[in-house]
Structure formats: structure tokens, C-alpha cells
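Chain residues, written in single-letter form:
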Amino acid sequence: MKASNIPQAGKYMNPYLAGFFLGLVLLATIFITGRGLGASGAIKDATIAISDAVAPGLTETNPFFGQYAGPGKENPLKSWLVFEIAGVLIGGFISGLVSDRLKVVTESGPRVKPRARWLFAAIGGALFGIGAQFTRGCTSGAALSGMAVLSTAGFIAMLSIFGTGYLVAYFGRKLWI
Amino acid sequence: MGPFVPDLISDQLNLVVAIILGIAFGFVLEQAGFSSSRRLAGVFYGYDFTVLRVFFTAAITAMSGVLILGHYGLLDIDAIYVNPTWLVPAIVGGVIMGIGFIIGGYCPGTSVCAAAIGKVDAMFFVGGGLVGVFTFGELFPFYGNFYTSTALGPIKVFDSLGISQGIFAFLLIVVAVVAFAITTLIERRVDEKSAPSLQFKPLKHLASGTFAVALGVIFIFMPDHKTSLTEKVSDPSYAAAHPVDKMDADELAFRIVDHEPNIRIIDIRSPKEFAALALPNSYNVQRADLFGKDWVSTFSQRHLRKVVVGNDETQERTAYYLLHELGYENIAILRGGIGTFKRTILDSTTFVPTGSRWDDDVREFREGARPAILKMIADAKNKPVKTVIKRKIQGGC
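Parameters at a glance
Residues numbered from 1 in each chain as written. Chains lettered and ligands numbered in written order. Predicted model: local features only at pLDDT ≥ 70, side-chain atom pairs only at ≥ 80, totals over all residues. Pairing = 2+ DSSP bridges. Helix = DSSP H or I, 4+ residues; strand = E, 2+ residues; numbered from the N terminus. Right-handed = clockwise from strand over helix to strand, strands pointing away. Buried ≥ 20, exposed ≤ 12 C-beta atoms within 10 Å, placed from the backbone. Contact = placed C-beta atoms within 7 Å. Nonpolar A, V, L, I, M, F, W, Y, C, P; charged D, E, K, R; others polar. Axes fitted to C-alpha atoms, helices over the stretch in contact; angles between N-to-C directions. Parallel < 35°, antiparallel > 145°, perpendicular 65-115°, else oblique. Domains from an automatic or database assignment. Left-handed = near helix turned anticlockwise from the far one by under 90°.

## Describing the pairing of strand β7 (residues 331–334) of chain B
All names here are of chain B.
Then, in step 1: Note: strand β3 (residues 246–247) against β7, 2 bridges, orientation parallel. Each residue of the ladder has a partner; that of M247, found in β7, is L334.
Then, in step 2: Read as a crossover between parallel neighbours, the route from strand β6 (residues 305–309) over helix α16 (residues 313–325) to β7 is right-handed.

Following this line, the structure appears as C-alpha cells:
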């Protein structure tokens with residue numbers, strides 16, 4: 001296994017310390033706004049906004065999108081999660097800047113070519129886009145934020161996402177090791 | 001008392017707050033190394049357990065904070081968003097996402113963070129996410145019914161397991177600490193030379209783990225705010241040390257008939273009992289709702305005399321003390337509970353002389369008040385019920 005092209009650990013924050021800070025950010029979010037952090041919701045809002053801009057009629061009559069778009073409804077982009085994710089982009093960029101990690105690069109397992117990696121990444125993203133609708137959130141919005149408020153849904157999301165990951169990891173091993 | 005939305009922070013300002021919190025979120029994710037798909041995927045192959053460490057530490061930190069703030073009444077636990085459970089769809093969605101994680105190497109939050117520092121694969125992941133949501137929406141009619149099936153509402157995990165909140169929190173911390181230890185051993189076995197955990201100082205981590213478990217033990221003995229306050233005021237010595245203001249049924253009847261504006265009747269009986277007999281212009285507030293923010297605007301007005309009405313004085317006292325402990329003033333309880341009010345004012349029984357020289361006046365007043373109040377009660381039944389609009393708790397993806 002080639003460990004060399006994984007970014008080296010020493011350059012990152014100690015994971016427990018990072019987890020502690022992440023927990024504090026989540027706690028602050030809950031304390032100030034009464035809600036948790038999230039990510040997939042913003043992707044959903046963006047999808048609906050794009051769809052509504054391209055084909056408003058079809059979007060508004062779609063039984064799923066129609067709940068979020070249409071006359072009298074707020075612009076889907078004016079949602080808390082869209083603004084939060086805009087912040088994530090800024091915050092991630094600042095972190096990359098201060099830690100000197102800004103670089104246009106494709107990161108992949110040692111046996112995977114960049115183009116294949118792009119395809120797999122897109123497929124993975126699509127699966128998350130679908131799965132997060134059924135679960136009403138992804139690793140951040142359903143699992144992490146849900147666990148912080150001890151919701152059953154949070155623990156189900158965490159167990160099913162990571163449990164499945166371990167169950168199918170064997171079949172995807174050539175992608176990563 | 002948190003949360004500050006929507007009272008102190010408007011919906012508009014909340015969007016600014018969202019950006020600031022998002023910046024912090026993205027910064028920490030990137031510093032943790034979540035902008036690297038290989039590190040993320042490592043959790044499934046044993047060469048890098050960063051995800052597990054960051055994820056569980058974050059969940060436990062936030063959970064601990066919520067429990068502690070809730071215990072001291074600094075955070076209204078009932079006003080924060082608890083994501084509801086749709087059991088089977090949630091599991092199916094999780095399975096789909098788990099497969100997506102192995103194939104894609106990111107989850108949505110980390111992909112945005114990675115895209116921000118120039119990871120091209122992450123940009124494809126985000127693009128794929130848009131396609132995925134779109135596909136889900138287009139095919140929605142095929143599984144629309146399934147999507148809303150097995151709805152269990154915003155249930156809590158400790159209730160689902162039938163254990164107390166504290167014990168669950170303790171167990172979660174223990175599981176996490178044990179998982180941290182085991183995965184560190186696995187990681188070092190998989191990659192002896194460059195396992196990330198080789199950087200750790202054992203003593204520091206041992207101390208942190210011990211501290212976390214100790215915190216878990218405290219949680220076992222730390223009830224939530226409601227339970228601890230209720231226990232406090234239910235203690236006989238508390239009642240002995242805290243006298244209560246009482247209002248006689250006659251005085252209350254007089255104020256009702258008089259349409260006294262500076263009085264609020266807070267009926268703490270069950271909705272069923274309230275529906276059977278409610279005093280004119282009274283509010284039905286369940287004991288659990290005394291803690292929330294729904295009634296703050298009523299309770300916090302000092303010039304309003306809050307008269308607690310219950311089945312008996314014991315029930316009234318508990319509510320009285322809770323209101324007192326929550327910082328509200330100008331409260332009284334109805335002497336003898338609603339039973340006394342019903343017997344002396346509403347029922348046309350013969351007057352029981354007390355030997356007081358005012359007996360005649362009292363009897364005369366009651367005879368006049370009886371039909372007046374009964375008429376007010378009858379009129380109220382034809383009017384729509386006054387209810388406080390429950391605050392909408394926002395959240396979810």
C-alpha cells in the first residue's frame with residue numbers, strides 16, 4: 001500500500017481536538033439557533049432552485065419538489081442550510097489557506113486513475129443525494145446533529161451509514177487500497 | 001435561555017448566523033483532515049480512523065453540552081429541533097449513503113469542504129449530489145408512500161431503548177472511548193509506520209479518556225432540568241420553607257364576575273378535565289409546558305396575578321413552586337382547588353354558615369355570582385377555544 005500520497009497526519013489537527021471543536025461548533029449552533037448543522041439539505045435546496053429556474057412548471061408540479069418551490073414559497077436558496085454551506089466553503093478555504101493546502105488536485109486510491117475517480121465520486125455523490133432524502137439528512141444533518149440531541153433518527157442514520165460502509169467496504173477495496 | 005431563534009435573533013439575522021457557524025464548521029472540518037477522501041475512506045479499511053475519532057468526539061461533546069445546558073435550564077430542550085424518525089426509510093437511506101461513501105469517498109459536508117480547497121473529485125461528488133436529489137424527486141411517485149412510512153415522530157433514542165437519558169449518555173461515552181482504543185490498535189497493526197495514531201501521546205489520551213468516562217458517570221446522576229426542578233419542589237422540606245399565596249374561591253369568583261383585567265387563571269389540570277369544566281377566561285397549561293417559552297409572555301408580566309387552579313392544593317403547590325423557581329412573580333393558588341370553587345360557588349347547595357358576621361353578604365354574593373359565572377362558562381363553550389400557538393421549531397435537512 002502506498003501511504004505516501006495520503007496527506008500526512010501531522011499536518012492536521014489532532015482528531016480528538018478537532019472533534020472537540022466540531023462538537024463546540026455544533027453545540028453553539030444548537031444553543032443559538034435551536035437546530036443542528038447540515039449539508040445535504042443545502043444540496044437539495046440548490047437542486048430545487050436550479051430545477052425551478054430551468055423548468056418552473058415541472059418543478060412545481062413535482063410532488064417532491066413542489067413542497068419547496070412554487071408561488072408564495074420562499075426562494076429555496078434563502079434557506080439556513082444554503083447560507084451555512086456557503087460558510088463551509090469559506091471556512092474550508094480559509095483553513096486550506098492558513099495550512100497551505102490550497103491545490104487543484106484529484107485525490108484517489110493508488111490504483112484509480114483521475115477520470116475513473118471523478119466518475120466514482122459523482123456516483124457516490126448521487127447515492128448520497130438520494131439516500132439523504134430517505135433519511136432526511138446525511139452524516140452531518142441526520143447522524144451527527146441527531147446524535148447530539150439524542151434523537152433516535154440520528155443513531156439510526158449513523159449506524160446504517162457506517163454499518164453499510166463496513167459491509168460493502170470489501171467490494172470497494174480496489175478504489176482505496 | 002437558549003435557543004435565541006426566533007426571539008432574540010430574527011429569521012433574517014439567523015442567515016448571517018448561519019454563514020458564521022458554517023465558516024467555523026468548514027474550518028474545523030478542513031483542519032481535521034476531512035477534506036481528504038483517502039483519509040475519510042480510511043475508516044473503512046483500517047488505515048486511518050480519523051473520521052471515527054472526530055465524529056464521535058464531536059457527537060459526545062455536543063451531546064454533553066446539550067445535557068449540561070439543559071440541566072441548568074440554560075437551554076430549552078423542548079425548543080430545539082429533534083429530527084423525527086421514519087424508521088424504514090431512514091435505514092434504507094443510510095444503506096444507500098453507506099454505499100455512496102465507499103464509492104465516493106466523501107459525505108456531502110466533507111465534499112463541500114474539500115471542493116473549497118480545490119479537490120476536483122469533491123467537485124464531482126457535489127455535482128453528483130445535485131443529480132441524485134434531482135433523480136430522487138423525478139422518481140418520487142414510485143416511493144412516495146414508502147418515503148413517509150413508519151413515521152415515529154421526534155423520538156429520543158433513550159426512550160426507544162427504554163433506559164434513562166443519563167445512562168444512555170454514559171454508555172455512549174464508554175462505547176466511544178473503547179472504540180477509540182480498539183481502533184488505535186487496529187490502525188497500528190494495519191500500518192506500523194505511518195498510522196496517524198502514532199502521533200498521539202499515550203498519557204494525554206489516557207487522561208482524556210478517563211475524563212470522558214468520568215463525565216459519563218456524572219450524567220447518570222444528572223437529571224434534566226424539568227426532573228430536577230420537579231424533584232426539588234416536591235421535597236416536603238421545600239414546601240415547609242416556602243409558604244404560598246392563596247386566593248379564596250370567593251375572591252376569585254368576585255374577580256371573575258368583576259372582569260378584573262389583571263388576573264390570569266392558569267388551569268394545570270389535564271385537557272380532559274379542563275374540557276369538562278373550565279373557569280371563564282382560564283388557560284389550560286400542562287405542567288411540562290411551564291418550562292417552555294410558549295407562556296413566557298403571559299407569566300413574565302408582573303402586574304398580572306397568576307392564579308393556579310388544580311384539582312387540589314398539592315397539585316397547585318407544585319406548579320406554584322415551579323413557576324417561582326423559574327423566576328415568575330405574583331402567583332397565587334386557589335384555596336382548596338377547583339373542587340372547593342365548584343362546591344361553594346357553582347353548585348346551588350345550601351350555604352354552610354361559618355359564624356362570621358359577613359355570612360349574609362357572602363351568601364348574597366355567591367347567589368349573585370353563581371348564575372353570572374355559569375353563564376360565562378356556558379358562553380365560553382360556544383366560543384372557539386383560546387390556545388397559544390405552539391412555536392414552530394425549525395430544522396432538518
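## Re the pairing of β6 of chain B
Residues and elements named next belong to chain B.
Then, in step 1: The buried fraction of β6 amounts to 4 of the 5 residues, a majority that puts the element mostly inside the structure.
Then, in step 2: As judged from the 5 bridges shared by strand β4 (residues 263–267) and β6, these two strands associate in the parallel manner. When the sheet's bridge partners are listed, R264 is paired in β6 with K306.

## Quick word on the interface of chain B and chain A
Then, in step 1: Taken together, the contacts link 122 residues of chain B with 120 residues of chain A.
Then, in step 2: Sorting elements by how many residues they give to the side of chain B that touches chain A places helix α1 (residues 11–32) of chain B first, with 18 residues.
Then, in step 3: Of the residues that constitute the side of chain B that touches chain A, the class distribution is 75 nonpolar, 39 polar and 8 charged.

## Focus on the packing of helix α6 (residues 139–148) of chain A against helix α3 (residues 50–71) of chain B
Then, in step 1: Where α6 of chain A meets α3 of chain B, the closest approach of the two axes is 7 Å, and the angle between their N-to-C directions is 40°. Relative to α3 of chain B, the element α6 of chain A is oriented oblique. Between α6 of chain A and α3 of chain B, the residues in contact are L144, M147 and A148 of chain A and F55, A58, A59, A62, M63 and V66 of chain B, respectively.
Then, in step 2: For the contact of α6 of chain A with α3 of chain B, the class distribution of residues is 9 nonpolar, no polar and no charged.

## Regarding the environment of A378 of chain B
Then, in step 1: Take A378 of chain B: it is sitting in helix α18 (residues 359–382).
Then, in step 2: Through-space distance from the C-alpha of A378 of chain B to that of S270 of chain B is 20 Å; in sequence the pair is 108 residues apart.

## As for the domain arrangement of chain B
For interface size, the figure often reported is the accessible area lost on association.
Then, in step 1: What the domain assignment lists for chain B is domain 1 (11–225) and domain 2 (237–380).
Then, in step 2: In this structure, domain 1 of chain B and domain 2 of chain B have C-alpha centres spaced 49 Å apart.

## Let's talk about the packing of helix α4 (residues 80–98) of chain A against helix α5 (residues 108–116) of chain B
Then, in step 1: With their axes 7 Å apart at the nearest point, α4 of chain A and α5 of chain B run at an angle of 50° to one another. Relative to α5 of chain B, the element α4 of chain A lies oblique. The element α4 of chain A and its partner α5 of chain B pack so that their crossing is right-handed. Each of I85, V88, L89, G92, F93 and G96 of chain A in α4 of chain A lies in contact with α5 of chain B, whose residues at this interface are G109, V112, C113 and A116 of chain B.
Then, in step 2: Tallied by class, the residues present in the contact of α4 of chain A with α5 of chain B amount to 7 nonpolar, 3 polar and no charged.

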